[in-house]
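The lines below spell out each chain.
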Amino acid sequence: MTNEFDILNASILIVDDQPVNVLLLEQLLAETGYRNVTSTMDPQMVQGLHAANHYDLILLDLKMPVMDGFQVMEALNDGRTDPYLSVIVLTAEPGHKLRALQAGARDFISKPFDLIEVKTRIHNALEVRLLYKKIENYSKLLEMAMQQTTAEVVTAAPANGASVSAHA
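Residues numbered from 1 in each chain as written. Predicted model: local features only at pLDDT ≥ 70, side-chain atom pairs only at ≥ 80, totals over all residues. Heavy atoms only, no water.

1. A word on the environment of Val-20
Following the sequence through the fold, Val-20 ends up in helix H2 (residues 19–32). You can call Val-20 exposed: its relative accessible area is 59%. On a C-alpha basis, the gap between Val-20 and Asp-82 in space is 31 Å, while along the polypeptide they are 62 residues apart. (Helix = DSSP H or I, 4+ residues; strand = E, 2+ residues; numbered from the N terminus. Buried < 20%, exposed > 50% of the residue type's maximum accessible area, 1.4 Å probe, protein only.)

Shown next as structure tokens:
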């Protein structure tokens, strides 16, 4: 399982063009104990910020000028190196929820915010993300162990295909 320390130290990016929403989410996350929170009101910066910081969770407003949340998700998916991108969309439009999930969002939070729901969905998303990272790391370790074992077996095998037999 993932421990609370890891969850509270996960990296979170808030993306919203409304300063009041950014401030509210920053305060809520700080009061909850999250220590690694970044925010931007410029959706055009998200892809670069994520490439540099590999956020564990992105809280993304859908309705923004210049570049909406759907375009941000598309840009994130185009430049993605991580197979599991954790995005929770923020929306006041009920009709956008299904489209957001189909576009790659893992969850959504409705506006106006229900603060208990916000904290719960963020915690759950981070728990899943961090568990996914652990599985990915275990898979890499297993693959390395298999390669090492294979190399040891190959180097220990008799040369020229000679067989070894045991005699009693």
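And the narrative resumes.
2. Some words on the pairing of strand S4 (residues 87–91)
Burial analysis of S4 places five of its five residues in the buried class, which makes it a mostly covered element. Side chains of S4 alternate between two faces, with Val-87, Val-89 and Thr-91 and Ile-88 and Leu-90 buried alike. In this sheet, S4 lies alongside strand S3 (residues 57–61) in parallel orientation, the contact comprising four bridges. Paired with Leu-59 across the two strands is Ile-88, which belongs to S4. At this point the chain moves from S3, through helix H4 (residues 69–78), to the parallel S4, and the crossover so formed is right-handed. As defined by bridge partners, S4 adjoins strand S5 (residues 107–110) across four bridges and the pair is classed as parallel. (Pairing = 2+ DSSP bridges. Right-handed = clockwise from strand over helix to strand, strands pointing away.)

3. Points about the pattern of salt bridges
Pairs may arise between side chains of opposite charge once their charged atoms sit close together. The full count for this structure, using the stated rule, is six salt bridges. Linking Lys-111 and Asp-16 is a salt bridge whose minimum nitrogen-to-oxygen distance equals 3.2 Å. Here Lys-111, found in the loop between S5 and helix H6 (115–156), pairs with Asp-16, found in the loop between strand S1 (11–15) and H2; they are 95 residues apart in sequence, far enough to count as distant. The pair Lys-111 / Asp-16 is uniform in exposure class, with both members buried. When the shortest N-O distance is used, the salt bridge between Asp-61 and Lys-111 registers 2.9 Å. With Asp-61 in strand S3 and Lys-111 in the loop between S5 and H6, this residue pair connects regions lying 50 residues apart in the sequence. (Salt bridge = Lys/Arg side-chain N within 4 Å of Asp/Glu carboxyl O.)

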